[in-house]
Structure formats: structure tokens, C-alpha cells
Amino acid sequence: MTCFSAEGGESTQNPSRLAFASWYGDWSNRLTAGDDNGEPRSMTATAYCESEAANYALVRSQDVPGVGVAARQRMLKLFARDEVRRRGCSGLRFHF
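The rules we used
Residues numbered from 1 in each chain as written. Predicted model: local features only at pLDDT ≥ 70, side-chain atom pairs only at ≥ 80, totals over all residues. Heavy atoms only, no water. 1 Å grid on protein atoms, 1.4 Å probe; cavity = no way out; pocket = protein on both sides within 12 Å on 5 of 7 lines; lining within 4 Å. Points joined across faces, edges and corners; volume = space filled by probe spheres on them. Helix = DSSP H or I, 4+ residues; strand = E, 2+ residues; numbered from the N terminus. Nonpolar A, V, L, I, M, F, W, Y, C, P; charged D, E, K, R; others polar. Buried < 20%, exposed > 50% of the residue type's maximum accessible area, 1.4 Å probe, protein only. Polar contact = N/O pair within 3.5 Å; in protein donor to acceptor, adjacent residues only side chain to side chain. Contact = heavy atoms within 4.5 Å.

As a volume, the second largest pocket reaches approximately 150 Å³. Residue lining of the second largest pocket: 13 residues in total, with Asn29, Pro40, Thr46, Asn55 and Arg93 positioned closest to the centre. Counting residues per element, the ones that place at least two in the lining of the second largest pocket are helix 1 (29–32), strand 3 (44–49) and strand 4 (52–60). Split by residue class, the lining of the second largest pocket holds six nonpolar, five polar and two charged.

The topology assignment puts Asn55 in strand 4. Residue classification places Asn55 among the buried positions, given a relative accessible area of 1%. A distance of 2.8 Å separates the side chain of Asn55 from the side chain of Ser28, its partner in a polar contact. A polar contact is formed between the side chain of Asn55 and the side chain of Thr32, at a distance of 3.0 Å. Sequence-distant contacts of Asn55, that is, excluding residues within four places in its chain, are made with Ala21, Ser22, Trp23, Ser28, Asn29, Thr32, Ala45 and Thr46.

What follows is the structure, given as C-alpha cells:
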């Protein structure tokens, strides 16, 4: 399952907005792993939901005026924590 955030069903393709995604299942680890070493990419988070992997990421990271790296990190934390709370997941870790 993949979830994208967008207010009121608006398109996530607008480059002036940030979009976050969540994927559930062990297969999802490959979506947030680096190409070279398999380590998690920056601006991702991982957790476990019902003994399976859960991965969260900032998927639209083009420059948005006034939104720096620290703000993006805070928003990813809010998004991932909310998803973990809603689904009863555990072991949330962030990768910046």
C-alpha cells in the first residue's frame, strides 16, 4: 500500500508542494534503500507494523520557498509519527 499526502485530494504532482509516502510490507525496504550499499536514503524513516517493514519518505523534495532542510525533517517526523500511531507500529527510526 502506498499513501500520498495531499490536501482535499489535490494532485501530488505540483512541484511547489511537499509530498510524503508510506509503504507497508517487507518488499518496501527496497524503495528507501540507497543504490550502492542498501543503507536507508536520507529523508526516510522505518518502523515495524505487525512484524513487517514500514517505510516513510519525503517523495517530493523540490525547493519550496521558505521550507529548508530542518523544516522538511520536522514534517517527515510528523507524518511518520502520525502513520505509526494510526497503524499501531513500533520501532520508528529516522534517516537524515
